[in-house]
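# Structure assessment
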Amino acid sequence: MSEYRVIELEVTSTTLLREAIQEVCTWMGIGFAEHEQAQSLVGYHGERRNEKAKFIIDRRHITSASNDLGWVRDPESGKYRLIISEYDQRQTKARQIALEVKKAYVLKEGAQRATALGYTATPVKDVAGKTVEIKLRRY
Amino acid sequence: MTIPPHEIILKTDDEGNLIATVEGIKGPGCTDVSKWLDSLGNVTDHKKRTSYYATAESSVKDALAQGGCW
């Protein structure tokens, strides 16, 4: 072992974010929706909120008192932003979903960049199907 | 420049940051093969392990001591 880096990544790829949300939702056993045009998030009373998102995880997949969780792209920066209500920031499950999506995304981004450079990328998954690490090899 | 065989392990921390660990290369060549990682985002920590400072000679000695080739 010679060196390691800790890297903060921005979420910019729609394709990789879709794959990350899909992967997390699959191993967590929940659903999500992708919209061509950003749609309003729904609050815990069933009301439409001001925030809109392209990718939405329905509040009913989180807790009975949760609001929808969403990701929306900032048209200027091109970066995706997580929309999580103040209430859900204090909820373990909502925070876990958001964190797991971020983790899945950064692994996918790293693997994609590496394969473009000639590495072979082998994902290592746990029993639930969650990718816990990716081995990159170059010979 | 020929790139020596190596492995990079990608993991994540509890904040959703990417942790990349380079294995299989001793010495500063390690940094050369992993420079591309810097372009992924904002590097908040970059540490070199003991083997980074190993010389080619010490690498051979290490390998012989371990009974194999490195």
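Before any of the text, the structure's been laid out above.
A few points on the structure. Residue positions are counted from 1 within each chain, in the order its sequence is given. Labels follow written order: the first chain is A, the first ligand is 1, and so on. Only residues with pLDDT of at least 70 get local features here, since the model is predicted, and only at 80 or more are side-chain atom pairs given and counted; chain-wide, interface and lining totals rely on the full set of residues. Excluded from the side-chain calculations are hydrogens and water; all other atoms, namely the structure's heavy atoms, are used.

Take the overall build of chain B next. The helix and strand inventory of chain B stands at two helices and three strands. The helix and strand labels rest on DSSP assignments: H or I over at least four residues marks a helix, E over at least two residues marks a strand, and numbering proceeds from the N terminus. Scanning chain B from its N terminus toward the C terminus, one meets helices and strands in the order β-β-α-β-α. Counting across all 70 residues of chain B, residues that qualify as buried make up 39%. For this analysis, residues touch if any pair of their heavy atoms sits within 4.5 Å. For chain B, restricting intrachain contacts to residue pairs at least 6 apart in sequence, the fraction spanning at least 24 positions comes to 34%. Relative accessible area decides the class of each residue, using a 1.4 Å probe on protein chains only: under 20% of the type maximum gives buried, over 50% gives exposed, and in between gives partly exposed.

Residue and element names in this part refer to chain A. Residue position: Lys 54 is located in strand E3 (residues 48-57). On the basis of relative accessible area, Lys 54 is assigned to the buried category, the value being 17%. In this structure the side chain of Lys 54 is engaged in a polar contact, spanning 3.5 Å, whose partner is the side chain of Glu 34. When residues no more than four places from it in sequence are discounted, the contact partners of Lys 54 are Thr 14, Ala 33, Glu 34, His 35, Glu 36, Ala 38, Trp 71, Val 72 and Tyr 80. Here a polar contact is taken to be a pair of N or O atoms separated by no more than 3.5 Å, where protein atoms must pair a possible hydrogen donor with a possible acceptor and residues adjacent in sequence count only if both atoms sit in side chains.

Time to look at the sheet that holds strand E7 (residues 131-138) of chain A. At least two bridges found by DSSP between two strands are what make those strands a pair. Across the sheet, six strands lie side by side as E6(A)-E7(A)-E1(B)-E2(B)-E1(A)-E3(B); this open sheet has antiparallel pairing. Two strands in the sheet have a free side with no partner beyond their single neighbour: strand E6 (120-125) of chain A together with strand E3 (42-48) of chain B. For this sheet, the mean inter-axis angle between neighbouring strands, taken without regard to orientation, is 20°. Pairing of E6 of chain A with E7 of chain A, which is carried by six bridges, proceeds in the antiparallel orientation. Bridge pairing in E7 of chain A places Thr 120 of chain A opposite Arg 137 of chain A. Only C-alpha atoms enter the line fits that serve as axes; for helices the fit covers just the stretch in contact. Angles between N-to-C directions range over 0 to 180 degrees. Against the sheet, helix H3 (residues 92-116) of chain A contacts E6 and E7 of chain A together with strand E1 (6-12) and strand E2 (18-23) of chain B, and its axis sits at roughly 160° relative to E1 of chain B.

Right, let's talk about H3 of chain A for a bit. To estimate how far a helix should reach, multiply one less than its number of residues by 1.5 Å. Compared with the 36 Å implied by 1.5 Å per residue over 25 residues, the 36 Å span of H3 of chain A between its first and last C-alpha is a close match. Gly 118 of chain A lies just past H3 of chain A and shows a positive phi near 105°.

It is worth spelling out the nonpolar core at this point. Note on terminology: a nonpolar core comprises buried Ala, Val, Leu, Ile, Met, Phe, Trp, Tyr and Cys residues joined through side-chain atoms within 4.5 Å. Among the nonpolar cores identified, the biggest contains 42 residues, and Leu 17, Ile 57 and Trp 71 of chain A together with Ile 8 and Leu 10 of chain B are the most heavily contacted of them. Only helix H1 (14-28), E3, strand E4 (69-73), H3 and E7 of chain A together with E1, E2 and helix H1 (29-33) of chain B provide two or more residues apiece to this core. Per-element tally for this core: the top contributor is H3 of chain A, with nine residues. Setting aside residues no more than four positions away along its own chain, Ile 8 of chain B makes contact with Tyr 119, Ile 134, Lys 135 and Leu 136 of chain A together with Ala 20, Thr 21, Val 22, Trp 36 and Leu 37 of chain B. Counting residues in each nonpolar core, the second largest holds five residues, with Leu 41, Ile 56, Val 72 and Ile 83 of chain A among its members.

In this section: the pattern of salt bridges. For this document, the term salt bridge refers to a Lys or Arg side-chain nitrogen within 4 Å of an Asp or Glu carboxyl oxygen. Scanning the entire structure with this criterion turns up 14 salt bridges over all chains. As a salt-bridge pair, Glu 10 of chain A and Lys 79 of chain A come within 3.8 Å of each other at their nearest N and O atoms. With Glu 10 of chain A in the loop between strand E1 (3-8) and H1 and Lys 79 of chain A in the loop between E4 and strand E5 (80-83), the pair connects residues that are 69 residues apart, well separated along the chain. The class for Lys 79 of chain A is partly exposed, based on a relative accessible area of 34%. One network of salt bridges, in which partners are shared, links Glu 3 and Arg 5 of chain A together with Asp 38 of chain B.

A word on the pairing of E4 of chain A. All names here are of chain A. Here E4 lies mainly inside the structure; four of its five residues are buried. Bridge count for E4 against E5 is four bridges, and the pairing is antiparallel. Note that in E5 the partner of Gly 70 across the bridge is Ile 83. What sits between the antiparallel neighbours E4 and E5 is a turn of six residues, in which Gly 78 has the positive phi angle 80°.

For Glu 100 of chain A, the position within the fold is in helix H3. In this structure, Glu 100 of chain A is in contact with Val 24, Trp 27 and Lys 130 of chain A, ignoring residues within four places of it in sequence.

Read these as layout, nothing more, since geometry by itself doesn't imply function.
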